[in-house]
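# Fold and geometry: a report
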Amino acid sequence: MAKDLRTFLKDYEEAYPGEVVRIQKPISSKMEVTALVIHADKQWAEPPVMILENLINHEGVKSAHPSIVNLFASRTRCCWSVGAESRTYARHLFHKGIEGGIAPVEIERSQAPVKQNVQKGKDVDVYRFAPLVHHYLDPGPYTSSGSWLCYDPETGNDNSTIQRGWIAAKDEIRWWPIQQSDNHRILQKYTERGEDMPVACWIGHHPAGMIGCNLGVAPGESHLKSAGGVLGEPMRMVASETWGRKFLVPADAEVVIEGIVPAGLRGPEGPFGEAWGHTGGQRWTPIVKVTAVTYRNQGYWVSNMISHKDEWSGSFADKRSMVALEIATKAVSTVVDVRNSPHPGVVFVQLNKKRPGEAIEAGLAAAASKYGNKLVIVVDTDIDIYDEQDIWLALASRVQWDTDIHVIPGGRGASTDPSLIQDGMTAKIVIDATKPLASERPFSSRNSVPAEILEKIKLADYIPQLVREVAKIC
């Protein structure tokens, strides 16, 4: 059986009972789901998957389709979905998705679950899935976890990545292919040719496939191949309704929305509550005219909860970690690990420093690895980059603010960063929070307890009730 969202939910529920919550109580897609997620984020360090089975759309109509949020709100869950250990997650994604990709395969229409239901022409209605209105000032419902798929008109290479789209009408989506993406580059090719651009937005799949498809492969490389690598099997593809075998779409997705961007057609999109936790302004974006919608029986609509744990806990932050780790390791061989914080733009680099200057070089490489990286903190191997208390310890005890903070002006910033003054440009900071080398000057050792004593003493042996209560909460 092919891996998909449904096989994941079944396997995950069996492995982690209680981590998938089915909600029967009616709830509105218009910001009420966001409010629920905000409360869950405060209650749990890693909130459960929520399946909303009685969702009311923004027009007050009950959806016949269940909706899923918080699929990626747990780093532990993301690691489990791809078969990786927490501390090797970024390296795992690189090895499986970039180095070990698996090419997609085409299957027959009769074998494709996403073809169980087909809407075309005047029957198209994306509102039927009750897509979410996330935040105050959003103009309406959005696709927030949809992976937008297109093919290069010159090479035929696929490109598929999660990008947002405002569902401005039941058959129209204002899509934002960010300027730094290959989707934008492909759109420019169609625009220069004066040709309509075919696109498809696929929603809902096994988390490993969704994560793998969004790793940020090199220009011209296949996103569907990287998805297969992380998934551990080929992504199954099927002919589209609009263009047939000339344009293949994921056969095991929950929903596929096919559409055309008429040549040069643009319109305003936004404002929108961005990943940086602030509302971004309107943008002039391509307008997608929806030509067909296909979906599985009781097809799940998956929403990524923008600026909440669902967006930053384990999927998007760690794909950035993977890129930064690759680049920083090439620049400085003593880099041990890299982790992007759940907070946008913040990166932690762990370094086994051997020579003066390595911390700055490693930090500069990590800052340059992604345009949105604006604060890089470099620490030693005795600092746990997955424990922010350890990061604070390094900042407080190993940094002299006048000599160890390095400001680099004129870098590329994330267009969604509300602090940008000049569009697209930002200053970047590298903080050297490493100890001086022994050859430079003596430095105090960290407080510690011998490993054999730490291993001997078990909290559950002394305070079993406390451990049970903590486990129940977390």
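Keep in mind the model is a prediction, meaning the values are calculated, not measured.

Conventions and cut-offs
- Residues numbered from 1 in each chain as written.
- Predicted model: local features only at pLDDT ≥ 70, side-chain atom pairs only at ≥ 80, totals over all residues.
- Heavy atoms only, no water.
- Buried < 20%, exposed > 50% of the residue type's maximum accessible area, 1.4 Å probe, protein only.
- Helix = DSSP H or I, 4+ residues; strand = E, 2+ residues; numbered from the N terminus.
- Pairing = 2+ DSSP bridges.
- Polar contact = N/O pair within 3.5 Å; in protein donor to acceptor, adjacent residues only side chain to side chain.
- Phe/Tyr/Trp six-rings, centres within 6.5 Å; stacked < 30°, edge-to-face > 60°.
- Lys NZ or Arg CZ within 6 Å of the ring centre and 35° of its normal.

Our focus in this paragraph is the pairing of strand β22 (residues 335-340). Judged by how many residues are buried, β22 sits mostly within the fold: five of six residues are covered. For β22 and strand β23 (residues 346-351), the ladder comprises five bridges, and the chain directions are antiparallel. Residue valine 335 lies in a different strand from β23, and its bridge partner there is leucine 351.

Here we take up helix α3 (residues 75-82). At 3.6 residues per turn, the α-helix brings residues three or four places apart onto the same side. Most of α3 is tucked away, with six of its eight residues classed as buried. All of the buried residues in α3 are Arg75, Arg77, Cys78, Cys79, Ser81 and Val82. The N-capping residue of α3, defined by a side-chain oxygen 3.3 Å from the backbone nitrogen of threonine 76, is serine 74. Looking one or two residues past α3, glycine 83 carries a phi angle of roughly 75°, positive in sign.

Of note, the amide linkage connecting glycine 270 to proline 271 takes the cis form, showing an omega dihedral of 5°. Position of proline 271 relative to the elements: it lies in the loop between β17 (266-269) and β18 (272-273). Of note in this structure, methionine 31 is not a glycine but carries a positive phi near 75°. Methionine 31 gets classed as partly exposed once you look at its relative accessible area, which sits at 31%. A positive phi angle, near 85°, is found at leucine 137, a position not held by glycine. Mapped onto the secondary structure, leucine 137 falls in the loop between β7 (117-120) and β8 (142-143).

As a further point, take the packing of aromatic side chains. The tally for this structure, following the rule as stated, stands at 11 aromatic pairs. Between the aromatic rings of tyrosine 12 and tyrosine 16, the centroid separation amounts to 5.2 Å while the plane-to-plane angle is 40°, which identifies the pairing as tilted. Look at tyrosine 16 and you get partly exposed, because its relative accessible area is 32%. Consider the rings of tryptophan 148 and tryptophan 175, whose centres lie 5.1 Å apart with planes at 15°: the pair is stacked. Placement of the pair is tryptophan 148 in strand β9 (residues 147-151) and tryptophan 175 in strand β12 (residues 172-175), with a sequence separation of 27 residues. Like tryptophan 148, the residue tryptophan 175 is buried in the burial classification. Taken together, the ring pairs connect Phe8, Tyr12, Tyr16 and Trp80 into an aromatic cluster. Arginine 283 extends its terminal NZ or CZ atom over the ring of tryptophan 176, reaching a point 4.2 Å from the ring centre.

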